[in-house]
Protein chains: 6
Amino acid sequence: MAVFDINPIVNSLNAVRQEWRRSQRRSREPGGREFPSPQAITKILDDLKGVLFPMRLGPLDLRQESEDFYIGHTLDSALHALLHQVRLELQYQKRHQPHDGEELEIRAIAVVQAFASALPDIRRLLDTDVLAAYQGDPAARSVDEVLLCYPGVLAMIHHRIAHQFYIQDLPLLARMSSELAHSQTGIDIHPGAQIGASFFIDHGTGVVIGETSIIGERVRIYQAVTLGAKRFPTDSNGKLEKGLPRHPIVEDDVVIYAGATILGRVTLGQGCTVGGNVWLIDDVPPGGHVTQADSQGMRTCDPAAEE
Amino acid sequence: MAVFDINPIVNSLNAVRQEWRRSQRRSREPGGREFPSPQAITKILDDLKGVLFPMRLGPLDLRQESEDFYIGHTLDSALHALLHQVRLELQYQKRHQPHDGEELEIRAIAVVQAFASALPDIRRLLDTDVLAAYQGDPAARSVDEVLLCYPGVLAMIHHRIAHQFYIQDLPLLARMSSELAHSQTGIDIHPGAQIGASFFIDHGTGVVIGETSIIGERVRIYQAVTLGAKRFPTDSNGKLEKGLPRHPIVEDDVVIYAGATILGRVTLGQGCTVGGNVWLIDDVPPGGHVTQADSQGMRTCDPAAEE
Amino acid sequence: MAVFDINPIVNSLNAVRQEWRRSQRRSREPGGREFPSPQAITKILDDLKGVLFPMRLGPLDLRQESEDFYIGHTLDSALHALLHQVRLELQYQKRHQPHDGEELEIRAIAVVQAFASALPDIRRLLDTDVLAAYQGDPAARSVDEVLLCYPGVLAMIHHRIAHQFYIQDLPLLARMSSELAHSQTGIDIHPGAQIGASFFIDHGTGVVIGETSIIGERVRIYQAVTLGAKRFPTDSNGKLEKGLPRHPIVEDDVVIYAGATILGRVTLGQGCTVGGNVWLIDDVPPGGHVTQADSQGMRTCDPAAEE
Amino acid sequence: MAVFDINPIVNSLNAVRQEWRRSQRRSREPGGREFPSPQAITKILDDLKGVLFPMRLGPLDLRQESEDFYIGHTLDSALHALLHQVRLELQYQKRHQPHDGEELEIRAIAVVQAFASALPDIRRLLDTDVLAAYQGDPAARSVDEVLLCYPGVLAMIHHRIAHQFYIQDLPLLARMSSELAHSQTGIDIHPGAQIGASFFIDHGTGVVIGETSIIGERVRIYQAVTLGAKRFPTDSNGKLEKGLPRHPIVEDDVVIYAGATILGRVTLGQGCTVGGNVWLIDDVPPGGHVTQADSQGMRTCDPAAEE
Amino acid sequence: MAVFDINPIVNSLNAVRQEWRRSQRRSREPGGREFPSPQAITKILDDLKGVLFPMRLGPLDLRQESEDFYIGHTLDSALHALLHQVRLELQYQKRHQPHDGEELEIRAIAVVQAFASALPDIRRLLDTDVLAAYQGDPAARSVDEVLLCYPGVLAMIHHRIAHQFYIQDLPLLARMSSELAHSQTGIDIHPGAQIGASFFIDHGTGVVIGETSIIGERVRIYQAVTLGAKRFPTDSNGKLEKGLPRHPIVEDDVVIYAGATILGRVTLGQGCTVGGNVWLIDDVPPGGHVTQADSQGMRTCDPAAEE
Amino acid sequence: MAVFDINPIVNSLNAVRQEWRRSQRRSREPGGREFPSPQAITKILDDLKGVLFPMRLGPLDLRQESEDFYIGHTLDSALHALLHQVRLELQYQKRHQPHDGEELEIRAIAVVQAFASALPDIRRLLDTDVLAAYQGDPAARSVDEVLLCYPGVLAMIHHRIAHQFYIQDLPLLARMSSELAHSQTGIDIHPGAQIGASFFIDHGTGVVIGETSIIGERVRIYQAVTLGAKRFPTDSNGKLEKGLPRHPIVEDDVVIYAGATILGRVTLGQGCTVGGNVWLIDDVPPGGHVTQADSQGMRTCDPAAEE
């Protein structure tokens, strides 16, 4: 007799899946998984990191004089792999409606081409982030250390790539890219967030930055800072409205210390400072300083909603 | 001459180990490692994820029409691998007392069979969690995105499996399973916690849920929420008592915002809301709202203990 | 026609790199990467974990009677791999000044030899950490579970090794070692922190311990505790001064509960307790208790700086 | 200055490739490799070996009671992987002529379905080969040893699969399959050869069996035996004619000893024996015995051609 | 509809397997594969090669001063892995008869211990083989080149290990070990062959050496040489008798050139030479020379049998 | 008690090694392996195959329009890896004599540069070999099939590379390169052999081509052909003389059928044909035909020596 009787479990699992698929109105058509793959995205991002920073994140045996060969080859390979994932996401988006395969292919190619063209600017922005970290942390000894060791920089590499996917209307690829960094760093930046140059996140664990956040240049934030939504706007039917601006605007040169929570479409004025653990749901004027003590009085009694 | 003189270091390390083993009253009998292996657990959990969600977490080339073959094969392999780990844990539990090998084997098989039979219910519960995340997060675009990208869902897959190990009295396997998710997501759910259907953790980094927590249905919590113990009950000898209920009860439809800390065997009544960063050591009535401002007055002066 | 036109992107990326290198005054000399490698450090640390705890973190098929063979072989291999990384870091430190290769080699060997000699003491300290976790957590069932499953213990293994690199003046290797643990555990301990025996971090996600922190024996801290700097001392030119003591001193037997933030060169006196979420920028007397309520009044209006 | 000047070599290699492509009238259209892949074939054959002999060539942890799950899953995966390779080969066959993609897809599916349906018969034939080896070699101790260790059996597993590809008009897949065995065993059987049941090749190194060979049942041959072509038939233009029968017919129960060379469309009559090192270009009557001495006189003075 | 209908094929394959198992009188009891594994043997042999020649076939980063650590660790690991394979083979040998598990375990341990004790002598013999190759091939430039590059030496490393398994009555492990070398080198030495010191096989492809061959010291043979059996002795029932001496005895200092075939229990006297392609079924006196011309007359008309 | 007592075996193995090293006059200085590595050569050759034939032997996802990027990157990486192996071989050559490190480095670089410059010619020659196989084998369906599947072509890729190493006086790298092909194909071509364009080896198993062989253009040979040495010339002291021409010269357009053995510095005149199994130690005139029958009379009674 077999040690375990597998058959009834296989059958029950099958029944649960059919139940789910029925409830989700899934077709029961046979077929493979037509969905972007986190493993593929991981490989693409690893290649793109090498393309952006060949002598630090590329292969160990790379030499400066042959960087361009490496970059050309790796970029070509990464873009074609990306093209396949883009196709899958576009098909998935259209799965409930008839669509023209050729048109979709043209769109996919255009999207990848646009992404590729943005890479030099992404590198330029990331260079400002590296410098910001180097200048903002007295413990940093070199820009190389910052690039290789700082979780905040890793999170920004992923974010600046994921943000491109987001503005190309590829939310799944964007999300997969940013979750890879979230898992490694504990820093959770929504791909939709708009973040200016020279951004520095120190330590980083527990940082959450919401989808419609707008962050200026030279902003510095510490671990466990949340830029969240205060409440979810609802439409006349009580359904959540999507895409409305609901996260903070952080102007240039702002510093936000660890554990601060800023909720809703408030504006932190240029050069202001938010102290550690502060709970904030109001604007701060340019140059202002908010400490936890100040922030007590500002609280409304409404339960603070965050997304 | 050798570059490094290894021998004295090997000898010193040996001496420290003997010291430790003496202090731990370890036998000095030769022999191999008789202890469950995190690597084995990792493989088993990866297989079980494929068994539960074959078209999303199974192999990339799987097709819907042959799911059951894949599931049967993978489940059989995973259960036998699990059987071996269960044996190791049971032997370890009995290491200081005489025990009957055959009885232990019967127990191991029964435990794995019971675990296997629970898998369809685990899948059903996880489906409710996926739906809860999809409905609770306006940014979520599809249930597939939720299943593949949300750290809170990954944590719940691990938890619902680990909880089965826990109630089968396999605390080591349970702990190894949940620590795998903790490491990837920053979400630390003790395998003992009882959690109802449709549970949703957003962002998740820094969440801690203690061993005797009881959570109802449709509960939603955000990053950095702690459901902890207020103090450790001690027995008449001053020793920590184990297993006493010491973590919160969270009833159905409760929402707890980011950074809230709820300590002790308090009850959050059905449908209540706990605001961000709130520090709470008292009950909240059903439908109640607690904000940080409210919570200031409730504090006792005792140092709050957490486990 | 090619699907993507790679050439202009390769050229633009080249231009951005040249810009960066000019701004960093990098030589344009061809050559390979002369920089320590995180992958190499990962392998070295995995080997060292096996050397320190052969029957728990070494190979699965190891047997007690042949531990010393395994340790000798693995240690020799790890030390020579480390020697190579040390060479790279020393060369990198001297990259802007002329230096004597032979002298540097002698220094590298001496540094690795000193590191190796410290390993037995590192193991002895880690044994106290394991015991502290076992005794401090009522949920812990065995020292083996603690060693294999507790993220706080993993963080301390990395820290006690990284701290050796730090005091040997190898900040890059130190940082790479501690970031590996940070990524897996969410616990961010600067390699410079001095930590006494029997240290226990529970749960751990979000813990940050700054460079000049000094922690006594038998200290216990919980998740999301920050031991930070209040402000960065500046010299007469307004430049950040490095290396000044700016993080807390935590004396023996102190307990700090989850979410507490302690900033600046304050002293937490022996045996005192700091409650959860407390924000603290002043000394606490020996045996004292601080709760969140107490701490409200202590706040200055200055924005709290943290590093 | 770079150590090596790569550019001129890259350019020269490019020039040689263009020369070759021009000479081969290759299009210079950009595009990927549209050609079956030996690596893919290797994986497919490994899977098929497991499908045919699950408890000996399947995964180590397979158990008899769940064979069918394994087989169903692996077969499904292997057939879809094969479908992709079949597509590539069919497209390659049609590369110089217009063709209808849909028709080609229908053909590819039909071919794979036919192949799959032949698998049970392939297994049945291979069982006879295993038994023949077991019975024909006094050193063989069990059928399991024969299946796992005998190169002749490995070569026949590949051949019986490759022959199916051959008769489905997939010569590239057929060739790749048989060359994998050739490389491992030194036995070179053309996929076109027709080989009856209970075939046994002992030792095997150096065996060559040509495309139009026809081998009956219960035939036994030893190392370095060649069944070759005597000369290549040419058409009236002096061009080699393809597909004409040009290799030996070996009837049932024939034994051919090591090093024998049999060339041309001769017939070795039922039950005859060919001695070691014999050179043979004439028929042998049923039951006949040919030794090297006999064979001297038979030689013509023409140079013996072999394919 | 599914692309392929897998079910009928799975069922047919199942039917063929049942047929085979019935014909082989296999139990239909469920259970795993209880049979030595070629993959395990491959790993064990790789480890043993490192144990025997640490600085040439061991890990690349090994250093001479710590060889013994490496050897002790690797040997211990290899012996325990071997112990497991020995157990499997002994159980397989006894599969049709009742047996005492404990006795079998004692036997397995004794066998492995005996094998281990033979390793220094194996190394000593292999050193003579290496020297013989170096001295016998004018193209050889160093003993290191011989050890690393000569297929004949690789075949002898496998043979001298396999022969130990053979004399410990472990024919499956022996056969698996020698087939690994056969596949890589084209040299097929039966594990039973007794081969003296300083044996050299040049080129090697196609060499076959039968089970009861006895080879003296300082013998040299070239590619495609066969030491085979002339006919298989049968008992009074016409069944093949096993184990009877049926292969050549080759005395000290004999040289056999490429392609020579020597069959039956003949003796090649000390110091004799056998020319290329010679077919030989008679004794050769000490110091004699046989060429192909000589050998023509010796032939009998019987079909030459070889095993 | 330990299962196996490892220590005495470790000690005995140590003793045997010391014995060997003493006999070889090896220094007992500690240190690592300073010797070229077959694994490194394998990787270098795999890279070079991709450099030579990017769309067939390069990465699966390569596209024609970005070949040059791939080639530049891979070539650079392969040449630097080769440089390291060349250094090791040159140091090994000089191990018994004082040498100047810088001079050796200059030599190593020059050697690799020369090798790199020869690659386009190697490709051009290999193209002729591929065409020869395609035209010479009626079974060949395309040049792509020939390149990917024919063992003779694989052997020639290795040989033409190995021959470059040989003429650069790197016999170890040359030998390692050719043995890799020997192991996979059973074709053993000494790196020293000079082979003209359009060379075709069919089937190939058992082919041996000696060091001083000279082969013209458009030569075709079949399996088991030996081009060997008749006897080893000795100097006045009876020592083997090295480097003397001792293998056949094969002029243009010669065909040699399977199993033929040609020994000594004989010349096979242009366009002649050597029949299967022929044993030949004399010249053949241009256009001549030799069959086995012819060759009987030519034999001398001397034992035929082969190398």
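Nothing here was measured: the structure is a model prediction, and the numbers come from that model. (Residues numbered from 1 in each chain as written. Chains lettered and ligands numbered in written order. Predicted model: local features only at pLDDT ≥ 70, side-chain atom pairs only at ≥ 80, totals over all residues. Heavy atoms only, no water.)

Novice: I'd like a description of the interface of chain E and chain D, backed by residues and values.
Specialist: Taken together, the contact between chain E and chain D spans 62 residues of the former and 68 residues of the latter. Each partner contributes to the roughly 5400 Å² buried at the junction of chain E and chain D, and carbon and sulfur atoms together form 58% of this total. Close ionic contact of Arg17 of chain E with Asp68 of chain D constitutes a salt bridge, the shortest N to O distance being 3.0 Å. In this assembly, chain E and chain D are joined by 13 residue pairs in polar contact (both at pLDDT 80 or more). Elements with a contribution of two residues or more to the side of chain E that touches chain D: helix 1 (7–23) and helix 8 (171–185) of chain E. When residues in the side of chain E that touches chain D are grouped by element, the largest group, 10 residues, is from helix 1 of chain E. When grouped by side-chain class, the residues that make up the side of chain E that touches chain D number 25 nonpolar, 19 polar and 18 charged. (Contact = heavy atoms within 4.5 Å. Buried area = accessible area lost by both parts, 1.4 Å probe. Salt bridge = Lys/Arg side-chain N within 4 Å of Asp/Glu carboxyl O. Polar contact = N/O pair within 3.5 Å; in protein donor to acceptor, adjacent residues only side chain to side chain. Helix = DSSP H or I, 4+ residues; strand = E, 2+ residues; numbered from the N terminus. Nonpolar A, V, L, I, M, F, W, Y, C, P; charged D, E, K, R; others polar.)

Novice: Outline the environment of Pro248 of chain A, supporting the account with residue identities and numerical values.
Specialist: All names here are of chain A. Position of Pro248 relative to the elements: it lies in the loop between strand 7 (226–228) and strand 8 (249–250). For the pair Pro248 and Ile281, spaced 33 residues apart in sequence, the C-alpha to C-alpha distance is 9.1 Å. Ignoring sequence-local partners within four residues, the contact set of Pro248 consists of Thr212, Ser213, Ile214, Leu227, Gly228, Ile262, Gly264, Arg265 and Val266.

Novice: Just give me the short version of the relation of the copies chain E and chain D, but keep the residues and values in it.
Specialist: The two copies are related by a screw motion: chain E maps onto chain D through a turn of 120° and a shift of 0.0 Å along the axis, at an RMSD of 0.0 Å. What the rotation and shift describe, once combined, is the action of a three-fold rotation axis. The fraction of interface residues of chain E whose copies in chain D are also interface residues is only 6%, indicating that the copies meet through different surfaces. (Least-squares fit on C-alpha atoms with pLDDT ≥ 70 in both.)

Novice: How would you sum up the interface of chain F and chain A? Please name residues and give values.
Specialist: Interface size, as often reported, equals the accessible area lost upon joining of the parts. Listed per partner, the contact involves 14 residues of chain F and 14 residues of chain A. Area buried by chain F at its contact with chain A is led by Phe69, His73 and Asp76 of chain F, which between them contribute 44% of it. Taken together, chain F and chain A are joined by 0 salt bridges. For the interface between chain F and chain A, the tally reads 6 residue pairs in polar contact (both at pLDDT 80 or more). Its residues assigned to classes, the side of chain F that touches chain A shows 4 nonpolar, 5 polar and 5 charged.

Novice: How would you explain the sheet that holds strand 14 (residues 289–290) of chain E if you had to name every residue and give the values?
Specialist: All names here are of chain E. What the 5 strands build is an open sheet, ordered 3-6-9-12-14; its pairing is parallel. Edge strands, defined here as strands with exactly one partner in the open sheet, are strand 3 (200–201) and strand 14. The pairing of strand 3 with strand 6 (residues 220–221) spans 2 bridges and is parallel. Opposite Ile201, over in strand 6, you have Ile221 as the bridge partner. (Pairing = 2+ DSSP bridges.)

Novice: For the pattern of salt bridges, give the residues involved together with the corresponding values.
Specialist: Pairing is possible between side chains that carry opposite charge, provided their charged atoms lie close to one another. The final tally for this structure, using the stated rule, is 114 salt bridges over all chains. For the salt bridge of Arg124 of chain B with Asp121 of chain B, the shortest nitrogen-to-oxygen distance reads 3.0 Å. Taken together, the positions of Arg124 of chain B and Asp121 of chain B, both in helix 5 (residues 101–136) and 3 residues apart, correspond to about one turn of that helix. The partner of Arg246 of chain E in a salt bridge is Glu211 of chain E, with the nearest N and O atoms 3.1 Å apart. One end of the pair, Arg246 of chain E, is in the loop between strand 7 (226–228) and strand 8 (249–250); the other, Glu211 of chain E, is in the loop between strand 4 (208–209) and strand 5 (214–215), and 35 residues separate them in sequence.

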